[in-house]
Amino acid sequence: MATLLTIIDTLAAAFVFGATVWFFFIQAPVLLSKIGRERFVPIQMNATKVLFKALVVTTAVMVAANLAGGNGPLSMAGGSALLALLGALINERFLVPKALKAGGRGYKAIKGKDVEADTAGFALDGVSADTATMHRLVVVFVVVMLAGVVPHLLMLTGVIAG
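Conventions used here
Residues numbered from 1 in each chain as written. Predicted model: local features only at pLDDT ≥ 70, side-chain atom pairs only at ≥ 80, totals over all residues. Heavy atoms only, no water. Helix = DSSP H or I, 4+ residues; strand = E, 2+ residues; numbered from the N terminus. Buried < 20%, exposed > 50% of the residue type's maximum accessible area, 1.4 Å probe, protein only. Contact = heavy atoms within 4.5 Å. Core = buried A, V, L, I, M, F, W, Y, C linked by side-chain atoms within 4.5 Å. Salt bridge = Lys/Arg side-chain N within 4 Å of Asp/Glu carboxyl O.

A.B. asks: Before we go on, may I ask you to explain the overall build of the protein chain in this structure?
C.D. replies: Scanning the protein chain from N- to C-terminus turns up four helices and zero strands. Reading the protein chain from its N end, one meets helices and strands in the order α-α-α-α. Each of the 162 residues in the protein chain was classed as buried or not, and the buried ones make up 39%. The long-range fraction of contacts in the protein chain, counting pairs at least 24 apart against all pairs at least 6 apart in sequence, stands at 75%.

See below:
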């Protein structure tokens, strides 16, 4: 049973890491550069809803498997999993809905007036300077989530002791 829980924990952590890297560092810059900001924003906003729901479910599975496998919540493995869940939950429950509303307002402002897509500008500000604060807060809690999941995954794979 312990082996099965470790496999579930590892797969969940790998999914969280991989999906996050794919979403923010591969698919978003490529789509933005290929289809432009005006077409990209609605797609990204819909994908964001799905991503963050999936991240919450997967980090919860990771925590459950880890705790059921015998790690306490205050252990390195348990604490890192809980940190990842906390980052995902804060984003999904509080920040992403507000960021999407701000993004919707920003999208209305750029619709029909789009300029060439600026990947670095979008990564920093989102749709426009008006969405920058919410966009940056989401990014901060993605980093919090990754600050939990990366060491957790490294512990599970034996790279670091946990």
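Additional details are given in the paragraphs that follow.
A.B. asks: Sorry if this is basic, but what is going on with the nonpolar core here?
C.D. replies: For soluble globular proteins, the rule of thumb is that nonpolar side chains tend to be buried together. Counting residues in each nonpolar core, the largest one holds 33 residues, and the members touching the most others are Phe52, Leu55, Met62, Val138, Met145 and Val149. Looking at this core, the elements with two or more residues in it are α1 (2-68), α2 (76-110) and α4 (132-156). Of all the elements, α1 adds the most residues to this core, at 16 residues. With residues up to four places along the chain from it excluded, the contact list for valine 138 reads Phe52, Asn91, Leu95, Val96 and Ala99.

A.B. asks: Looking at this structure, how should I read the environment of valine 16?
C.D. replies: Take valine 16: it is sitting in helix α1. Each C-alpha atom, one on valine 16 and one on leucine 55, is 6.0 Å from the other, the two residues being 39 residues apart in sequence. Discounting chain neighbours no more than four positions away, the residues touching valine 16 are Leu55, Thr58, Thr59, Met145 and Val149.

A.B. asks: Even after reading the chapter, I still don't get the environment of valine 21, so can you show me in this structure?
C.D. replies: Topologically, valine 21 is positioned in helix α1. As a C-alpha pair, valine 21 and leucine 146 span 125 residues in sequence and 9.9 Å in three-dimensional space.

A.B. asks: Just to check I follow, could you spell out the pattern of salt bridges for this structure?
C.D. replies: If the charged atoms of two oppositely charged side chains come close together, the side chains can form a pair. Here the structure, examined in full by the defined rule, presents two salt bridges. In this structure, the salt-bridge partner of glutamate 92 is lysine 53, at a minimum N-O distance of 3.5 Å. In this pair, glutamate 92 is assigned in helix α2 and lysine 53 in helix α1, connecting sequence segments 39 residues apart. Overall, the relative accessible area of 13% leaves glutamate 92 in the buried class. Its salt-bridge partner being arginine 93, residue glutamate 92 comes within 3.3 Å of it at the nearest N-O pair.

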